[in-house]
Every structure is written in C-alpha cells, then in structure tokens.
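Listed here are the chains, written in short residue letters.
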Amino acid sequence: MNDKKEVRLQKYLAEHGVASRRSAEQLIQDGRVSVNKKVVQEMGLKIQPGKDQVRVDNQLIGGTVQLRYILLNKPSGYICSAQDDRGRRTVLDLIDGVSERIYPVGRLDYDTAGLLLLTNDGALTHHLLHPSHAVEKTYLAEIEGYPDNRAMEKLRRGLRLRDGWTAPAKANIVRRKGTTTWVELTIHEGRNRQVRRMMEAIGFPVQRLKRTKLAFLDVKDLRLGEWRELSASEVQRLKKL
Ligand code: URA
C-alpha cells in the first residue's frame, strides 16, 4: 500500500469492513469515529492509511496486524475450520486470548489428534503448504493386527490411491501392544485423509491417528488441548524450509 495516498474517511471505513459507505457516514455523524484520538464529525476528511490512526468506538481500524504463530496439540473431536454447520467444536474454541483471525495451516481430520499450526501469516501458510517445499509431517497410526514387511515396503515405495500414486514415505513399526500396532509414517504430501487411505490400501484401517511432527516441530511439551506461541527463531526456521 502506498502510505502517502490519502483516502476519504468513510471510504477507509468501508474498505476495512467496518460498515457500508453510507453507514460509515452515520458512524461519523454520531461521533463514534476518531482520527488520531480526535473525534471527527465532519464529512469528507481525508486520512493517510498506515499513518493516521482511525478508531471506531475506540477500536483501532486497519492498524498493523500482529502476526501470530500458534502450536496446538489438537485433541480428536475438533474440526479444523472456523465454523461448522453441524455445530461441532472447532480448534479455535481451544485458543483463548488471541484476538487476531488465525486459521490452521493445513488440516487434521475431526478424529485426528496432534500437532496443528495456526497463524494469520498467509505467506508462511502458502510456503509450508506448497508441494515444492516438501515439508515433512510425521504421524503415528494405531492399527489392528501386524503388517508384514511387504506391506510396510508398499508404504515406503508409494502406493496407488484413487487420486494417484503416493510419493515414497518413511514407515516404521514403533510398537506392538496386544493385538494392535503403532506405525510411524512420515510423508511430505498433504492429500485429503492421506494416512488413513494409505493404511487402508495395505489392508490395515487406522483406528487412532495423531500427528507428532511438522518439520522440526513437535508437541511433546504440550498436553492435549494445550498450545503455545512459536519462538521467533522457530518462525525463522519455518520460513527457511
Ligand atoms: N492423514 C489423514 O488421513 N488424516 C489426517 O488428519 C492427517 C493426515
């Protein structure tokens, strides 16, 4: 944006989603709008976006938005969108005290737990989700039974799903407990329900799924439902991936 360019106050308010141009004029007439802490009631005042501070009912409009980077250990039973037409809980319900409009970087299924990054930094989101950056994601999947070497090799080499072959992946058995097995799978693609579909393709549908890592990040220090802000150096590292 060119900071030197002046715009009319009512246009600025309308462009920042405060109100339609006409209702913005009403807000001004009602004395609810201030510029640089002085109430403005006359029409037609021009302001410099990025320089002048415009407030409606004392709330700053269009100020510089603070970039937020939140690492959440998502419990299963939450959806990864801002709203749900079926009224289910969303991951945003777990994040208190963050007023910026953050959103998840990629998605975890409703019934998947684990590492979820949320931010309002569109450039970083784009960077992390872009296939050419091949950011690694690691999952732990609990399955019934015990996959043999051949099945594990299929995961590693790539297998055919309805939307095409999967790229080579890292796959290891980490634990056997009773009749179930925990498989660790590291992929760098981000197709819809990819891990569940890969496990199904080798004949072992997933019973429980959690994401344990995204690149160098993990959620070992967070209990389910807990979150923390990324440090500045973690953000820098993500940007360099
Ligand atoms: N793969 C899946 O199948 N589900 C997820 O939530 C994430 C990856």
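Undergrad: Is there a simple way to explain helix α2 (residues 21-29) in this structure?
TA: Since the α-helix turns once every 3.6 residues, residues separated by three or four places project in the same direction. All buried positions along α2 are accounted for by Ala-24, Leu-27 and Ile-28. The buried residues of α2 occupy an angular sector of 100° when the element is viewed end-on, so they sit on one face. Residues of α2 that are buried make contact with α1 (9-15), β2 (33-35) and β5 (54-56). Directly after α2, the chain includes Gly-31, whose backbone phi takes a positive value near 75°.

Undergrad: I tried to follow the sheet that holds β2 on my own but got confused; where do I start?
TA: One key point about sheets: their strands pair by backbone hydrogen bonds, in either a parallel or an antiparallel sense. Reading across the sheet, the 4 strands line up as β3-β2-β5-β6 and stay open at both edges, with antiparallel pairing between neighbours. In this open sheet, the two edge strands, each paired with only one partner strand, are β3 (38-39) and β6 (59-61).

Undergrad: Please explain the packing of helix α3 (residues 122-129) against helix α6 (residues 232-240) as it appears in this structure.
TA: When two helices pack together, their arrangement is given by the angle between the helix axes and by the axis-to-axis distance. It is at 9 Å that the axes of α3 and α6 come closest, and there the two elements cross at 50°. Considering the angle they form, α3 stands oblique to α6. Residue-level contacts link Leu-124, His-127 and Leu-128 of α3 to Leu-238, Lys-239 and Lys-240 of α6. Looking at the contact of α3 with α6 residue by residue, the classes come out as 3 nonpolar, 1 polar and 2 charged.

Undergrad: Would you explain the site of the ligand in this entry?
TA: What surrounds the ligand is the set Leu-108, Asp-109, Thr-112, Tyr-139, Arg-193, Gln-194, Val-195, Arg-196 and Leu-209. With respect to the ligand, the side chain of Thr-112 contributes an N or O atom lying 2.8 Å from an oxygen atom. Gln-194 places a main-chain nitrogen or oxygen 3.4 Å from an oxygen atom of the ligand. Taking 240 Å² as the accessible area of the ligand by itself, protein coverage stands at 95%.

Undergrad: What exactly am I supposed to notice about the pairing of strand β9 (residues 112-119) here?
TA: Residues in a regular strand point their side chains to alternate faces of the sheet. Taken across its 8 residues, β9 has 8 buried, putting it largely inside the fold. Bridging between strand β7 (residues 69-74) and β9 involves 6 bridges; their strand directions are antiparallel. Within β9, the position partnered with Tyr-69 by the bridge is Thr-119. By the bridge criterion, 3 bridges tie β9 to strand β15 (residues 206-214) in an arrangement that is parallel. Bridging across to β15, Gly-114 finds its partner in Arg-211.

Undergrad: Help me understand the side chain of Lys-137 in this model?
TA: Take Lys-137: it is sitting in strand β10 (residues 137-144). Summary of buried charges: Lys-137 has no salt-bridge partner, and the nearest side chain of opposite charge, Glu-189, is 8.5 Å away. A distance of 3.0 Å separates a polar side-chain atom of Lys-137 from the backbone oxygen of Glu-189. Lys-137 has contacts with Leu-185, Thr-186, Ile-187, His-188, Glu-189, Gly-190, Arg-211, Lys-213 and Leu-214, leaving out every residue within four places of it along the chain.

Undergrad: Explain helix α4 (residues 149-157) here, please?
TA: Taken as a whole, α4 has its buried residues at Ala-151, Met-152 and Leu-155. With its buried residues spanning 100° around the axis, α4 presents them on a single face. For α4, the exposed residues set more than 90 degrees away from the buried face come down to Asn-149, Arg-150 and Arg-157. Just downstream of α4 lies Gly-158, where phi reads positive at about 115°.

Undergrad: Would you mind going over the nonpolar core with me for this structure?
TA: Grouped burial of nonpolar side chains is what soluble globular proteins tend to show. In this structure, Leu-118, Leu-155, Leu-185, Met-198 and Met-199 are the most contacted members of the largest nonpolar core, which totals 32 residues. Contributing elements (two or more residues each) for this core: β7, β9, β10, α4, β14 (180-187), α5 (194-201) and β15. Taken domain by domain, this core gets at least three of its residues from each of domain 2 (69-130 + 219-239) and domain 3 (136-214). The contact partners of Leu-185, leaving out residues within four places of it in the chain, are Lys-137, Thr-138, Tyr-139, Leu-155, Ala-169, Lys-170, Ala-171, Val-195, Met-198 and Met-199.

Undergrad: How should the side chain of Thr-186 be read in this particular structure?
TA: Following the sequence through the fold, Thr-186 ends up in strand β14. Take Thr-186: its relative accessible area is 10%, and that puts it in the buried class. A polar side-chain atom of Thr-186 sits 2.9 Å from a polar atom in the side chain of Thr-138. Excluding anything up to four places from it in sequence, Thr-186 contacts Glu-136, Lys-137, Thr-138, Ala-169 and Lys-170.

Definitions and limits used
Residues numbered from 1 in each chain as written. Predicted model: local features only at pLDDT ≥ 70, side-chain atom pairs only at ≥ 80, totals over all residues. Heavy atoms only, no water. Buried < 20%, exposed > 50% of the residue type's maximum accessible area, 1.4 Å probe, protein only. Helix = DSSP H or I, 4+ residues; strand = E, 2+ residues; numbered from the N terminus. Arc of directions from axis to C-beta. Contact = heavy atoms within 4.5 Å. Pairing = 2+ DSSP bridges. Axes fitted to C-alpha atoms, helices over the stretch in contact; angles between N-to-C directions. Parallel < 35°, antiparallel > 145°, perpendicular 65-115°, else oblique. Nonpolar A, V, L, I, M, F, W, Y, C, P; charged D, E, K, R; others polar. Near = heavy atom within 4 Å. Polar contact = N/O pair within 3.5 Å; in protein donor to acceptor, adjacent residues only side chain to side chain. Areas by Shrake-Rupley, 256 points an atom, 1.4 Å probe, with all protein chains shown as cover. Lys, Arg positive; Asp, Glu negative; His and termini not counted. Salt bridge = Lys/Arg side-chain N within 4 Å of Asp/Glu carboxyl O. Core = buried A, V, L, I, M, F, W, Y, C linked by side-chain atoms within 4.5 Å. Domains from an automatic or database assignment.

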